[in-house]
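Observations on the model geometry
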Amino acid sequence: MSVYKALNYGGSEWTPQFVLSLDSEKCIGCGRCVKVCSQGCLGFGNMDDDEDADRMIANIANRNNCIGCKACGMTCVKKAYTFEPKAV
Ligand code: SF4
Ligand code: SF4
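In short, a report on the structure. (Residues numbered from 1 in each chain as written. Chains lettered and ligands numbered in written order. Predicted model: local features only at pLDDT ≥ 70, side-chain atom pairs only at ≥ 80, totals over all residues. Heavy atoms only, no water.)

Section: the nonpolar core
Here is the rule we go by: To qualify as a nonpolar core, a set must consist of buried Ala, Val, Leu, Ile, Met, Phe, Trp, Tyr and Cys residues joined through side-chain atoms within 4.5 Å. A simple rule labels every residue: compare its accessible area, found with a 1.4 Å probe on the protein chains alone, to the largest value its type can have, and call it buried under 20%, exposed over 50%, or partly exposed in between. Labels follow the DSSP assignment, with helices taken as runs of H or I lasting at least four residues and strands as runs of E lasting at least two, numbered in each case from the N terminus. Here, residues are in contact when the closest pair of their heavy atoms is within 4.5 Å.
Of all hydrophobic cores here, the largest spans 17 residues; its most connected members are Val-19, Leu-22, Cys-33, Leu-42, Ala-58, Cys-72 and Tyr-81. Contributing elements (two or more residues each) for this core: β3 (18–22), β5 (56–60) and β6 (81–84). By residue number, the principal contributor to this core is β3, which donates three residues. Dropping the residues within four chain positions of it, Val-19 is found in contact with Ile-60, Arg-63, Cys-66, Cys-72, Tyr-81, Thr-82 and Phe-83.

Take a look at the structure:
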């Protein structure tokens, strides 16, 4: 599989890792990831299921804006995120 590659400022190749999923069971709703994402990809909202309806968690609101920086995953103490390169 070929994956999308970019260049850093110095001209070296790197492979962006785009946000893939967020494990709602792990998320404690600290909001760090939402603050750190420079592209506005992440949001905050209530759990879907009735039992935990009052619990606020992060969500991937706008994946199309993701630049694959992994900052959200780096800042998440619960390791709730997974990532993947983009197939081309
Ligand atoms: S940083 Fe992790 S635990 Fe905190 S809101 Fe984001 S996904 Fe949830
Ligand atoms: S990988 Fe970067 S751009 Fe994508 S959602 Fe996470 S912080 Fe935002």
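Comments concerning the environment of Met-47
Mapping Met-47 onto the fold places it in the loop between β4 (42–46) and β5. Residues in contact with Met-47, not counting those within four places in the same chain, are Ser-24, Glu-25, Asp-52, Ala-53, Arg-55 and Ile-57.

Side note on the site of ligand 1
Convention followed: A single heavy atom is enough: if one lies within 4 Å of a molecule or strand, its residue is considered near that molecule or strand. For this classification, the nonpolar set comprises Ala, Val, Leu, Ile, Met, Phe, Trp, Tyr, Cys and Pro, the charged set comprises Asp, Glu, Lys and Arg, and every other residue, Gly included, is treated as polar.
In the vicinity of ligand 1, the contacting residues are Cys-27, Ile-28, Gly-29, Cys-30, Gly-31, Arg-32, Cys-33, Ala-58, Cys-76, Lys-78, Ala-80 and Tyr-81. The residue inventory of the shell around ligand 1, partitioned by class, reads eight nonpolar, two polar and two charged.

Notes on the site of ligand 2
The full set of residues close to ligand 2 is Val-19, Cys-37, Gln-39, Cys-41, Cys-66, Ile-67, Cys-69, Lys-70, Ala-71, Cys-72 and Phe-83. A breakdown of the residues in the shell around ligand 2 according to their chemical character gives nine nonpolar, one polar and one charged.

Some points on the pattern of salt bridges
If the charged atoms of two oppositely charged side chains come close together, the side chains can form a pair. Filter applied, for reference: Counted as salt bridges are all cases of a side-chain nitrogen of Lys or Arg within 4 Å of a carboxyl oxygen of Asp or Glu.
Counted according to the given criterion, the structure contains one salt bridge. For the salt bridge of Glu-84 with Arg-63, the shortest nitrogen-to-oxygen distance reads 2.9 Å. Of this pair, Glu-84 sits in strand β6 while Arg-63 sits in the loop between β5 and α2 (71–75), and the two are 21 residues apart along the sequence. Among the residues examined, Glu-84 registers a relative accessible area of 29% and is labelled partly exposed.

Quick word on the environment of Val-19
Among the structural elements, Val-19 can be located in strand β3. According to the relative accessible area criterion, Val-19 is buried, its value standing at 2%. On a C-alpha basis, the gap between Val-19 and Ala-6 in space is 16 Å, while along the polypeptide they are 13 residues apart.

Focus: unusual backbone geometry
Its identity as a non-glycine residue notwithstanding, Lys-70 has a phi of 70°, on the positive side. Topologically, Lys-70 is positioned in the loop between β5 and α2. Positioned with a positive phi, Lys-79 is a non-glycine residue whose angle comes to about 50°. As for its position among the elements, Lys-79 is in the loop between α2 and β6.

Any link to function would need more than the numbers given here.
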